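# Coordinates in review
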Amino acid sequence: MRQRLSNSRAPFATKFYYGWVIVVIGALGIFFSGPGQTYSISVFVDSYIDEFGWSRSDVTNLYSGATFLAGIGMMYIGRVVDRFGQRYIAVIIGVLLAITSLWNAMVGNMIMLFFGFFLLRILGQGTMTLIPNTLVPQWFLKKRGTALSLMAIGGFASSATFPIMNNWLVQEFGWRASWMFWGVAVLVIFVPLAFFLIRNKPEDLGLRPDGEVVLPKDGGDIVEDKEENWTLQEAKQTRAYWLILSCIGIPALVNTGLTFHLVSIFSENGLSPSWAATILSVMAIFGFFITPIAGTLLDRVPVTYVLAAIFIGEIIFLLLVLVANSAWAAILFGVIWGMNGGFERIALNYVWPSFFGRKALGSIKGTAMSVTVIGSAIGPLPFAYGYDAFGGYTEVILFSTVFPIVGVICALFAKKPAKASLNRTAIS
């Protein structure tokens, strides 16, 4: 297959492959998804309860309902990214996320909070993570794991920064000032850099993934890489698609439930609210340090084996949080959770281009993001209802270990599909 060489140029000359600039801007995009992430929003929950007199279940239901609707909306966002490209979509979403943060600074009733949650989740958690995770794989094949691991640094920096920064801003200036701060930061820092630095794919600069220079032939045509690319409809016909989709939803259920209620869980264990913010930062720091290992490993080991190991890790940290009733036990929980999350962030983004190629990655990854967002909508609910029913979290945490057990099975049975087998099935 041949493609016309684009006349687009890099925004500035580099002595190295421009894909590494894309990795940096991708990491920045992941960082600024923070306003819409649970680890950031969870800091404000007690502020809403104290100021407006709402119950924890009220806030949880609003959050979960808004997140569920955002997950449905994410089914269509991926197709938009495929059609218009990551550059302009990143700029538009950045502006909208900034406006949304300012909206959340003005919340005064449940309806406003519901719409604020919805916009934060579809723009922040959903689209601001979808864009980098579909952009960076366009630029790398052989070094995809390494590139994704470096991009993930932005995510760990975000989860380390936002809880502590929000906690400080809320205590010093109030929760409304915290929302205004992040709105201005997204608008002033991320949006201009996204516009000037992002290029959608290496072919736009006369390059191939990993930095190979393309020499035009036959009037400026280039031969594309022989990567097997699937459409969304083709991917849906494979067993691997549905098994991996199941693997995607499980961490969203478990991690979001834990994160959203971590302050309350630690309170039950006799630890102060500040410990929850501290442990989220500990998790992020250890996740940060594990990402280079995760990226290197994924370039050498089948991703499904890594996914199976990740789910075993989930079982371990779920059991650890039950006994995290001292500083050292809490830190150990945060370390294991963070290391597991380091592998998880890379593997869940690595698997889609590895199995189904780059061409329809936005559409395919969009459905995965939809499952992620819907999973994160459902995740906090069992914890809230379990607490109301049993007066604690032990029963629901023990029940939650069932999900990673299912994840291990799905990961081990998921095999990279081949189009030849799909064609044979269609013919027969």
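Residues numbered from 1 in each chain as written. Predicted model: local features only at pLDDT ≥ 70, side-chain atom pairs only at ≥ 80, totals over all residues. Heavy atoms only, no water.

## Let's talk about the nonpolar core
Ranked by size, the top nonpolar core spans 129 residues in total, and within it Tyr48, Phe117, Leu258, Phe266, Phe333 and Trp352 carry the most contacts. In contact with Phe266, other than residues within four places in its own chain, are Leu271, Trp275, Ala276, Ile279, Val321, Ala324, Ala330 and Phe333. (Core = buried A, V, L, I, M, F, W, Y, C linked by side-chain atoms within 4.5 Å. Buried < 20%, exposed > 50% of the residue type's maximum accessible area, 1.4 Å probe, protein only. Contact = heavy atoms within 4.5 Å.)

## Looking at helix α16 (residues 380-390)
Within α16, the full set of buried residues consists of Pro380, Leu381, Phe383, Ala384 and Gly386. Among the structural elements, α4 (56-84), α10 (239-260), α11 (262-268), α15 (361-378) and α17 (394-400) are those in contact with the buried residues of α16. Phi turns positive one or two residues past the end of α16, at Gly391, with a value near 75°. (Helix = DSSP H or I, 4+ residues; strand = E, 2+ residues; numbered from the N terminus.)

## Here we look at the packing of aromatic side chains
The full count for this structure, using the stated rule, is 33 aromatic pairs. Residues Phe162 and Trp182 carry aromatic rings whose centres are separated by 3.9 Å and whose planes lie at 20° to one another, so their mutual orientation is stacked. One end of the pair, Phe162, is in helix α7 (residues 144-173); the other, Trp182, is in helix α8 (residues 175-197), and 20 residues separate them in sequence. When sorted by exposure, Phe162 lands in the same class as Trp182, which is buried. Here a set of aromatic residues connected by ring pairs shows up, and it is made of Phe44, Tyr48, Phe52, Trp54, Tyr63, Phe117, Trp175, Trp179 and Phe260. Above the plane of the ring of Phe195 lies Arg87, whose end atom (NZ or CZ) is 4.8 Å from the centre. Stacked on the ring of Phe156, the Lys or Arg Arg345 has its end atom at 4.4 Å from the ring centre. (Phe/Tyr/Trp six-rings, centres within 6.5 Å; stacked < 30°, edge-to-face > 60°. Lys NZ or Arg CZ within 6 Å of the ring centre and 35° of its normal.)

## As for the layout of surface pockets
Which parts of space are left empty comes out when a probe the size of a water molecule is rolled across the atoms. Taken as a whole, the largest pocket spans an internal volume of roughly 310 Å³. Around the largest pocket, the lining is made up of 20 residues, and of these Val43, Asp46, Asn167, Val263 and Pro273 lie nearest the centre. Broken down by secondary-structure element, the contributors of at least two residues to the lining of the largest pocket are α3 (45-52), α7, α10, α11 and α12 (273-298). Counted by class, the lining of the largest pocket contains 11 nonpolar, six polar and three charged residues. In this structure, the second largest pocket occupies an estimated 210 Å³ of space. Around the second largest pocket, the lining residues are Val81, Asp82, Arg83, Gly85, Gln86, Gln138, Asn200, Lys201, Asp204, Arg358 and Lys359. Among the elements that take part in the lining of the second largest pocket, α4 stands out by supplying three residues, more than any other. (1 Å grid on protein atoms, 1.4 Å probe; cavity = no way out; pocket = protein on both sides within 12 Å on 5 of 7 lines; lining within 4 Å. Points joined across faces, edges and corners; volume = space filled by probe spheres on them. Nonpolar A, V, L, I, M, F, W, Y, C, P; charged D, E, K, R; others polar.)

## A few points about the confidence of the model for the chain
Per-chain confidence: the chain averages 85 in pLDDT, with 93% of residues scoring 70 or above. For residues 1-7, every residue scores under 50 in pLDDT, and the model assigns this stretch 25 contacts once sequence neighbours within four places are set aside. Segment residues 217-223: pLDDT under 50, and 19 contacts once partners within four positions in sequence are set aside and those in other chains are kept. (pLDDT = per-residue confidence, 0-100.)

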